[in-house]
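Secondary and tertiary structure notes
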Amino acid sequence: MEFSLKVDAISKQYRIGQLFRENMLRDAVVNFVKHPFVKKSKETIWALKDVSFEIKKGETLGIIGRNGAGKSTLLKVLSKITYPSSGSLKVHGRIASLLEVGTGFHLELTGRENIYMNGSILGMKKKEIDKRIDEIIEFSGIGNFIDTPVKRYSSGMRLRLGFAVAAHLIADILLIDEILAVGDAGFQKKCLNAMGGLSSGGRTVLFVSHNMAAVENLCQRVIWIDDGKVKKDGDSKEVIRSYLETFSNGDYSNFDLDKIENRSGNGAIRFSGMEFLDLKGNPKNIIQTGDSLIVRLHYYSENGVRNLHFALELYTVLGTKVTSLNTWASGFEIQKLPWGEGYIDVEIDSLNIVANRYYVSLWAASAGNLWYDKLDYCAMLDVEQSDFYNSGREMSSQHFGMVLFPCKWKLNGR
Amino acid sequence: MKEVWQYRELFFFMVWRDVKIRYKQTLLGASWAIIQPFFTMIVFTIFFGRLAKMPSDGIPYPIFSYSALLPWTFFAGALNLSGNSLVVNSNLITKVYFPRITIPAAAVFSGLVDFAIAFTVLLGMMVYYQIEFTWGLLMWPLLLIPLVLVALGVGMILSSLNVKYRDIKYTIPFGIQLWLFLTPVIYPTSIIPERFRFLAALNPLTGLIETFRATILPGREVNLHGLLISLAVSVMLFVAGFVYFRKTERNFADII
């Protein structure tokens, strides 16, 4: 009994017709009367295709992939919410799935009552909840409001209560979906800690997230799901790196952003390209730590976009945000953008980041938080080593962290 | 079935939640459990008992109708609640696994609390009409078993259909109303012409409700033949509902 969970060639098929099915008996009858001999649509899509893997007892496994790749379907199949079309699933131990925070909360019930309700929905016994109730209340920080109906809680309080129950779940196998994406930073950290504790207690954890830093932090092994199939399965750093590489198109100084389809926003502004230039305006193919750099963002604007902000963000390969350079922070106001093509430059005096590979995300948004265009990980920025401190020594990311500050040393005042 | 036993605590929590929520933030609280059958009884007494002179086999019409309205109100409420229960709890179905059957079952069982509350009024009325308490009263909990089975059977079918076809929701109250007139609540079975009696007996509620009445009222004999037919139909409906539910529940999360 080495494994906790064994997934064997699981596939899940949806009939496309299921999306536009007859919601009403009435429609079904009408359709039948109108077209009695027409068979229902047989067109199908595979949300999962031939997925196999095994999770060892006590292992923490991350699952990554783009939206719609099949991560959530996989989690639903594993937690038995939905059934696979083919394939089999073997489970050793008690399984609990957290696809949502506070499942089954009822607004009319008090916090305490909801802890019992939610806990038992997640598979805990009443005795087990009795034993933990004080801890749960303590963890949630709800305090005196615990006997007040949940409808009087703020959304933050509800979330904390849900997390508090989740963090005290008793299960051998935990399936966790993207729930850390919500909540304030302090509380997120508390939950991550609690979950780190969960996995150390011999528990098997399966964790789906877009937060690469969290996945990297919590999981030793990662499975990358793409188009319903396992694309890569292995050491977390390696898998995350190859996943992030698919977001960039490989050119080094001039990026055509027009064809990137993985973008959001209403399109009133559309990034069409990005260039890395030196201060004279020539293309810059090799970029080194400490260089000056102009990043030119080409865009296409519809008529009369007003009061907007542009941003350029850098991420490490593990998804940690290094910086967000934006016109709002710099106090650079753009009243109105003329119709048509244009470009905006951001001039970086000194690129004080350690040699490594970075990813660029861009966005343009209104002052009121409306996205015009948003491109995540749309380009790669390879920063090469340089003699930053004029010491003749090179600094690699392995030992020198992420950023370099210009600095001088003095011994005994000299 | 083993799984259902494992999840019995969740089942109790759901019953408890349904009961609790029903009377939270209501002005009259649990007295609604009494008001509903009691006022229906008054209306029936005025219109059917007094004005329409409906025969009640020589028993005071109020107690004649109330003793049938108690099981009927439970049954109607159970159908209504369980029929909609899966759709109402769709967020649970798409987010977490547990035996789906707990949802309509909890809806049916939560009605038993109301039944117990309203039952106390029946005892009061028996004192008022000077009807002797007999051992027959002890039959009531036993008679509830087939009644619950029918409610579960039909409730499972309706709730499952409701997942697929949302207009079931609108047909449930209508169907319940029709069913009321097909059941001897307002009238005694004795006014049904002999040749239709067999048809009436196929409605499991006919035999059950007549027996509910007969066990507590004086001078009424339990129609064993009718009761046996009702019991058989009840079990059949339950089995049919269970089988249908098991067959369809795999797809609930995908189509709800």
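Residues numbered from 1 in each chain as written. Chains lettered and ligands numbered in written order. Predicted model: local features only at pLDDT ≥ 70, side-chain atom pairs only at ≥ 80, totals over all residues. Heavy atoms only, no water.

**Focus on the overall build of chain B**
Per the secondary structure count, chain B includes 12 helices and zero strands. Ordered by position from N to C terminus, the α and β elements of chain B give α-α-α-α-α-α-α-α-α-α-α-α. Over its C-alpha atoms chain B spans a radius of gyration of 19 Å, differing by no more than 12% from the 18 Å that the globule rule assigns to 256 residues. For chain B, the spread of C-alpha atoms along the three principal axes comes to 55 × 45 × 35 Å. Here chain B holds 256 residues, and the buried ones make up 53% of them. In the structure as shown, chain B presents an accessible area of about 12,300 Å², 70% of it carried by carbon and sulfur atoms. Here chain B carries 20 positive and 12 negative side-chain charges, and the mean point of each set is 7 Å from the other. (Helix = DSSP H or I, 4+ residues; strand = E, 2+ residues; numbered from the N terminus. Rg over C-alpha atoms; globule rule 2.2 N^0.38 Å. Buried < 20%, exposed > 50% of the residue type's maximum accessible area, 1.4 Å probe, protein only. Areas by Shrake-Rupley, 256 points an atom, 1.4 Å probe, with all protein chains shown as cover. Lys, Arg positive; Asp, Glu negative; His and termini not counted. Charge placed at Lys NZ, Arg CZ, Asp CG, Glu CD.)

**Quick notes on the pairing of strand 7 (residues 204-208) of chain A**
The side chains of a regular strand alternate between the sheet's two faces. All names here are of chain A. Of all five residues in strand 7, five are buried; the element is thus mostly enclosed. Two elements, strand 3 (residues 60-64) and strand 7, share four bridges in a ladder whose sense is parallel. Across the sheet, I63 pairs through a bridge with V208, a residue of strand 7. Pairing of strand 6 (residues 173-177) with strand 7, which is carried by five bridges, proceeds in the parallel orientation. Counterpart to I176 in the pairing with strand 7 is F207. (Pairing = 2+ DSSP bridges.)

**Things to note about the interface of chain B and chain A**
The partner chain A presents 36 residues to the 30 residues of chain B that form the contact. Summing both sides of the interface, chain B and chain A together bury roughly 3,100 Å²; the carbon and sulfur share of this comes to 59%. Considering only the surface of chain B that becomes buried against chain A, F13, K95 and Y97 of chain B emerge as the three largest contributors, covering 19% of it. K20 of chain B is the partner of E113 of chain A in a salt bridge, and the nearest nitrogen-oxygen pair spans 2.6 Å. Our count for the chain B to chain A interface comes out at five residue pairs in polar contact (both at pLDDT 80 or more). When contributions to the side of chain B that touches chain A are tallied by element, the ones reaching two or more residues are helix 1 (2-6), helix 2 (8-22), helix 5 (90-95), helix 7 (139-164) and helix 12 (252-255) of chain B. Residue contributions to the side of chain B that touches chain A peak at eight residues, all from helix 2 of chain B. Its residues assigned to classes, the side of chain B that touches chain A shows 14 nonpolar, four polar and 12 charged. (Contact = heavy atoms within 4.5 Å. Buried area = accessible area lost by both parts, 1.4 Å probe. Salt bridge = Lys/Arg side-chain N within 4 Å of Asp/Glu carboxyl O. Polar contact = N/O pair within 3.5 Å; in protein donor to acceptor, adjacent residues only side chain to side chain. Nonpolar A, V, L, I, M, F, W, Y, C, P; charged D, E, K, R; others polar.)

**Observations regarding the sheet that holds strand 12 (residues 269-277) of chain A**
Residue and element names in this part refer to chain A. Read from one edge of the open sheet, four strands run 10-12-14-18, paired in antiparallel fashion. A single partner strand is all that each edge strand has here, and the edge strands are strand 10 (254-256) and strand 18 (340-348). On average, each strand axis in the sheet is inclined to that of its neighbour by 20°, with strand direction left out of account. Both strand 12 and strand 14 (residues 293-301) contribute to a ladder of eight bridges, which runs antiparallel. For I269, the partnering residue across the bridge sits in strand 14 and is S301. (Axes fitted to C-alpha atoms, helices over the stretch in contact; angles between N-to-C directions.)

**Describing the domain arrangement of chain A**
A common way to express how large an interface is: the accessible area buried when the components associate. All names here are of chain A. If you check the domain split of chain A, you get domain 1 (3-245) and domain 2 (254-400). Residue-level contacts link nine residues of domain 1 with nine residues of domain 2. Where domain 1 abuts domain 2, roughly 770 Å² becomes buried across the two surfaces, and 60% of that area is made up of carbon and sulfur atoms. Linking domain 1 to domain 2 there are zero salt bridges. Along the contact surface separating domain 1 from domain 2 lie zero residue pairs in polar contact (both at pLDDT 80 or more). Mapped by element, the contributors of at least two residues to the side of domain 1 that touches domain 2 are helix 7 (212-218) and helix 8 (236-245). A breakdown of the residues in the side of domain 1 that touches domain 2 according to their chemical character gives four nonpolar, no polar and five charged. (Domains from an automatic or database assignment.)

**Section: the nonpolar core**
Ranked by size, the top nonpolar core spans 147 residues in total, and within it F53, I115 and L206 of chain A together with W72, F75 and L122 of chain B carry the most contacts. The biggest single contributor to this core is helix 4 (residues 61-88) of chain B, with 14 residues. Discounting chain neighbours no more than four positions away, the residues touching L206 of chain A are L5, F53, I55, L61, I63, L75, L78, L174, L175 and I176 of chain A. Formed by 38 residues, the second largest nonpolar core is a distinct cluster that contains I269, F310, I344 and Y372 of chain A. (Core = buried A, V, L, I, M, F, W, Y, C linked by side-chain atoms within 4.5 Å.)

**Here we look at the packing of aromatic side chains**
This structure, assessed with the given rule, holds 25 aromatic pairs over all chains. With 5.4 Å between their ring centres and 85° between their planes, F11 of chain B and F109 of chain B make a pair best called edge-to-face. Placement of the pair is F11 of chain B in helix 2 and F109 of chain B in helix 6 (residues 102-128), with a sequence separation of 98 residues. Between F119 of chain B and W140 of chain B, the aromatic rings sit 5.3 Å apart at their centres with planes inclined by 45°, giving tilted as the arrangement. Taken together, the positions of F119 of chain B in helix 6 and W140 of chain B in helix 7 put the pair 21 residues apart, joining distant regions of the chain. The two residues F119 of chain B and W140 of chain B agree in class, both being buried. Here a set of aromatic residues connected by ring pairs shows up, and it is made of F74, F115, F119, W140 and F212 of chain B. The ring of W46 of chain A has K49 of chain A sitting right over it, with the charged end atom 4.1 Å from the ring centre. Positioned above the aromatic ring of W5 of chain B is the side chain of R8 of chain B, whose terminal nitrogen or guanidinium carbon lies 4.2 Å from the ring centre. (Phe/Tyr/Trp six-rings, centres within 6.5 Å; stacked < 30°, edge-to-face > 60°. Lys NZ or Arg CZ within 6 Å of the ring centre and 35° of its normal.)

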